[in-house]
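# A closer look at the structure
What follows is each chain in one-letter form.
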Amino acid sequence: MAPRRRLRLRLLAALLLIGLAAVWILPRTLPIARPESAAPSSPAPRSSAAAVQPAAHARALLTPAQAQAWAPTDAASMHARRAELESYRELALAPSLQAALAAMQDWRDRDPAWWYRLLDRVDAICRQQLELDGRPELAQDPQRQWALEELRRRCAGFHFRDYTAGADVHGWQLLDQARRPAAVARAEGEAAGHARAVDNARYSIDPEELAASLDYLDRQQLLPAALWQQLGPSRSDRDAAINVASLLVSCQRLGHCDLSVLEHVAACAEVGCNPALPAPELLRSLLPPRHYESGLALAQWLQTMSMTAPLPSAMPRD
Amino acid sequence: MSAQRLAQGRAVAWSGLLLILAIIALSMTLGPGSGPRPPAAHQLDANNSSDGASHDTSAGSAGSTQAIAAAGPVTSPRPSAPVEAPDPFRQSLRAVLIGAEPAREVLAAEAMWGETDPRTLRLRDRLDEACRAVVLLRLDGSTAGDPYRDWARRELEARCRDWPEPSLYAPTEDTRSPVLDAAPDAAAAAQALALLRHSQDEGELLKAWLVAMRAGAIAQEELFVDGRRLLPTESEELARHALVWLQCQRQGACGPDSLYVLRLCALGGCRPGSHLLEAYEQVLSPREFQAVRAIHDWLLRWRHADA
């Protein structure tokens with residue numbers, strides 16, 4: 001019986017040790033039960049669009065037919081763009097729009113279409129300021145108030161009619177519209193329309209022009225399909241991403257992505273912004289994550305493609 | 001013989017000791033929270049609500065900004081589940097929200113309460129609202145092949161199969177008479193606050209929210225820590241989301257099978273299987289989502305302040 005008893009005691013001791021081991025080890029190895037509520041409240045995973053792709057990688061996203069459309073642009077176009085960029089930048093940062101426009105009136109004869117674009121841009125924003133001024137409740141919002149005050153300062157003294165007396169404004173407007181890729185394609189053929197859209201996408205600083213060109217390129221299937229994978233085929237999603245990309249690219253080319261830029265001030269007067277945030281972060285806070293991420297990916301791809309030729313702002317002065 | 005008995009007795013004692021140790025080990029291993037897993041925020045159901053079923057529209061507990069401010073910190077109030085008698089309306093609403101045949105439920109409600117009964121109208125509104133998304137998508141020219149919308153649209157189409165196509169007209173603040181924009185008086189504000197505390201009707205709650213906002217009866221500095229202020233039009237859209245969140249919790253209809261979620265995802269696009277909060281995170285901007293959460297938390301706090 002003694003050996004049997006010893007065996008039994010050993011078995012009991014072993015079981016005891018196993019029990020103790022279970023007490024110490026299992027809690028450390030079991031997955032920690034988290035309330036599921038943590039999952040939806042945590043931010044959605046952001047895509048890895050942060051790294052700038054090399055140009056070769058950006059080009060690799062294009063099909064051969066697309067790559068042909070994205071061939072390098074000639075230098076003359078870049079020269080013209082540099083002057084546009086500077087005038088646009090002056091307006092974007094000018095403390096007085098009226099004074100800035102007065103100083104660049106030579107554009108009226110030099111390039112009426114571009115002059116109209118500048119005027120129209122300022123007019124739209126200053127009209128918006130007047131409209132917002134008619135809504136006193138906005139002034140009670142500290143996140144709008146600062147922007148409204150800034151808009152009032154910049155728009156003081158601006159009157160559209162001061163710059164258009166005796167002018168064929170409708171003619172300017174038509175000239176401006178004729179420069180849009182779709183209009184160019186209608187007038188000069190598809191290849192010319194494609195070239196204009198690519199040129200705008202590469203060098204334009206105007207978010208509206210950028211958006212119109214990217215929209216054209218998308219509809220012509222001249223943007224890499226891979227960029228849309230996370231967005232899906234919805235037209236409204238694509239439009240949103242194109243608008244985001246246009247804003248990001250514009251502010252990057254402007255060299256100012258902060259809230260000193262006229263368009264950013266105007267947007268903040270409209271929707272309210274925390275002035276402590278930089279513009280890209282602000283944009284992120286104002287958009288559904290998928291739209292922002294897709295817009296950012298498109299903007300980064302576009303900037304990389306633009307770097308295959310020197311940017312207008314990097315060129316020496318005439 | 002006695003020695004053998006002694007040995008057997010020792011063995012039994014050891015076995016008993018081991019059993020006790022095993023029980024202790026088991027209980028320690030599983031821990032104190034070893035019961036059913038806590039419900040996720042997006043899965044909180046009717047148990048999470050201590051809202052009474054009454055529709056007390058009196059201004060008895062006349063609220064004020066101070067009263068709201070004193071309602072307590074924004075935490076996640078999870079009061080213990082009250083024992084409620086089965087409520088036929090809530091059962092019908094839940095069946096409309098997550099059942100496979102919502103049209104049938106609405107027709108049954110019509111037969112039970114009559115076509116113009118407020119309960120029937122509420123059920124009808126919920127279904128109309130969801131089915132309107134299908135019409136909107138069709139008019140928008142949206143086609144199949146969108147992984148973020150297709151799953152929700154297909155399910156909505158199936159649920160709306162036996163339901164007449166709803167009108168696209170759904171009045172919002174923008175389309176209402178400007179006369180309504182006049183700031184409500186103190187009595188109207190107090191009544192709105194009372195409704196916000198007690199009403200269960202989404203439409204009624206929304207109107208009460210807007211009245212209270214216009215009257216300045218809800219201190220926005222209490223709502224938003226970042227100092228923003230909502231305009232009435234923004235407030236309506238965001239409050240609508242917050243009320244949907246509140247109602248889905250109450251009805252246990254925050255999952256991917258809920259009409260609330262299906263509508264949101266069919267229109268805005270979400271990953272298949274998203275729950276309400278996950279859908280909001282995808283469809284709304286972070287700023288909007290923060291605002292919805294702030295309004296939702298305020299409503300919960302306000303409704304539980306006197307619970």
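Every chain's residues receive numbers from 1 upward, in the order its sequence appears when written. The lettering of chains begins at A and the numbering of ligands begins at 1, in the order of writing. Only residues with pLDDT of at least 70 are given local features in this predicted model, and only at 80 or more are side-chain atom pairs given and counted; all residues enter the totals for whole chains, interfaces and linings.

### Concerning the overall build of chain A
In DSSP terms, a helix is any run of H or I states spanning at least four residues, a strand is any run of E spanning at least two, and both are numbered starting from the N terminus. Looking only at helices and strands, one finds 17 helices and zero strands in chain A. In this scheme the burial state of a residue depends on its C-beta neighbours within 10 Å: 20 or more other such atoms mean buried, 12 or fewer mean exposed, and anything in between means partly exposed; the C-beta positions come from the backbone. For chain A, the residues scored as buried account for 38% of the 318 residues in total. This entry defines residue contacts through backbone-placed C-beta atoms, with two residues in contact when those atoms are within 7 Å. Within chain A, counting contacts between residues at least 6 apart in sequence, those at least 24 apart form 73% of the total.

### With respect to the overall build of chain B
When its secondary structure is counted, chain B shows 13 helices and zero strands. In sequence order, the secondary structure elements of chain B are arranged as α-α-α-α-α-α-α-α-α-α-α-α-α.

### Observations regarding helix α9 (residues 142-155) of chain A
All names here are of chain A. For a helix, the expected span equals 1.5 Å multiplied by the residue count minus one. Under the 1.5 Å per step criterion, the end-to-end length of α9 is 20 Å for 14 residues, consistent within 8% with the ideal 20 Å. Those residues of α9 lying buried are Q143, R144, A147, L148, E150, L151, R154 and C155. Buried residues of α9 fall within an arc of 165° about the axis and therefore sit on the same side. Summarising the contacts, the buried residues of α9 are in contact with α6 (97-102), α8 (112-133) and α15 (262-271). Taken from the residues just after α9, G157 is the one with a positive phi, measuring 85°. Directions drawn from the helix axis to the C-beta atoms are what define this arc.

### A word on the packing of helix α11 (residues 259-268) of chain B against helix α12 (residues 276-283) of chain B
Residue and element names in this part refer to chain B. Contact geometry of α11 with α12 gives a least axis separation of 10 Å together with a crossing angle of 20°. The orientation of α11 relative to α12 falls into the category roughly parallel. α11 and α12 meet at a crossing whose hand is left-handed. Packed against α11, whose contacting residues are Y260, V261, L264, C265 and G268, the element α12 presents L276, A279 and V283 at the interface. Angles run from 0 to 180 degrees between N-to-C directions of axes, and those axes are lines fitted to C-alpha atoms, restricted for helices to the stretch in contact. Small angles under 35 degrees read as roughly parallel and large ones over 145 as roughly antiparallel, with 65 to 115 read as roughly perpendicular and the rest as oblique. Rotating anticlockwise by less than a right angle from the far helix to the near helix defines a left-handed crossing, while the corresponding clockwise rotation defines a right-handed one.

### Quick notes on the environment of B:G114
Residues and elements named next belong to chain B. Mapping G114 onto the fold places it in the loop between α4 (102-113) and α5 (118-139). Under the C-beta neighbour-count criterion, G114 is labelled exposed, with 11 such atoms within 10 Å. The sequence separation of G114 and L223 amounts to 109 residues, and the corresponding C-alpha distance is 40 Å.

### Here we look at helix α13 (residues 286-304) of chain B
Compared with the 27 Å implied by 1.5 Å per residue over 19 residues, the 27 Å span of α13(B) between its first and last C-alpha is a close match. If you check which residues of α13(B) are buried, you get B:R287, B:F289, B:A291, B:V292, B:A294, B:I295, B:H296, B:W298, B:L299, B:L300 and B:R303.

### So, the environment of B:P232
All names here are of chain B. Along the chain, P232 falls in helix α10 (residues 232-251). We classify P232 as partly exposed; it has 16 C-beta atoms within 10 Å. Residues P232 and R214, 18 residues apart in the sequence, show an inter-C-alpha distance of 7.2 Å.

### Digging into the packing of helix α12 (residues 190-203) of chain A against helix α13 (residues 207-219) of chain A
All names here are of chain A. With their axes 8 Å apart at the nearest point, α12 and α13 run at an angle of 135° to one another. The orientation of α12 with respect to α13, classified from their angle, is oblique. Like other packed secondary-structure pairs, α12 and α13 cross with a definite hand, here left-handed. Along its contact with α12, which presents A197, N200 and A201, the element α13 presents E209, L210, S213, L214, Y216 and L217. When the residues that make up the contact of α12 with α13 are grouped by side-chain class, the tally is six nonpolar, two polar and one charged. Residues are grouped as follows: Ala, Val, Leu, Ile, Met, Phe, Trp, Tyr, Cys and Pro are nonpolar; Asp, Glu, Lys and Arg are charged; all remaining types, including Gly, are polar.

### Side note on the confidence of the model for chain B
Per-residue pLDDT for chain B averages 76, and the proportion of residues at 70 or more is 67%. As a per-residue quantity, pLDDT reports the predictor's confidence and falls between 0 and 100. In this model, residues 25-81 of chain B is a region of pLDDT below 50 whose contacts with residues beyond four sequence positions or in other chains number 96 contacts.

### Section: the confidence of the model for chain A
Residue and element names in this part refer to chain A. For chain A, the average pLDDT comes to 78, and 77% of its residues sit at 70 or higher. Per-element confidence in chain A ranges from a low mean pLDDT of 30 for helix α2 (residues 38-41) to a high of 95 for α6. A low-confidence stretch, residues 11-54 stays under pLDDT 50, and its non-local contacts, those more than four residues away or across chains, total 50 contacts. Scored below 50 in pLDDT, residues 308-318 shows 17 contacts in the model against residues more than four places distant or in partner chains.

### Concerning the environment of B:Q247
One can find B:Q247 in helix α10. For the pair formed by B:Q247 and B:D201, sequence separation is 46 residues and the distance between their alpha carbons is 8.9 Å.

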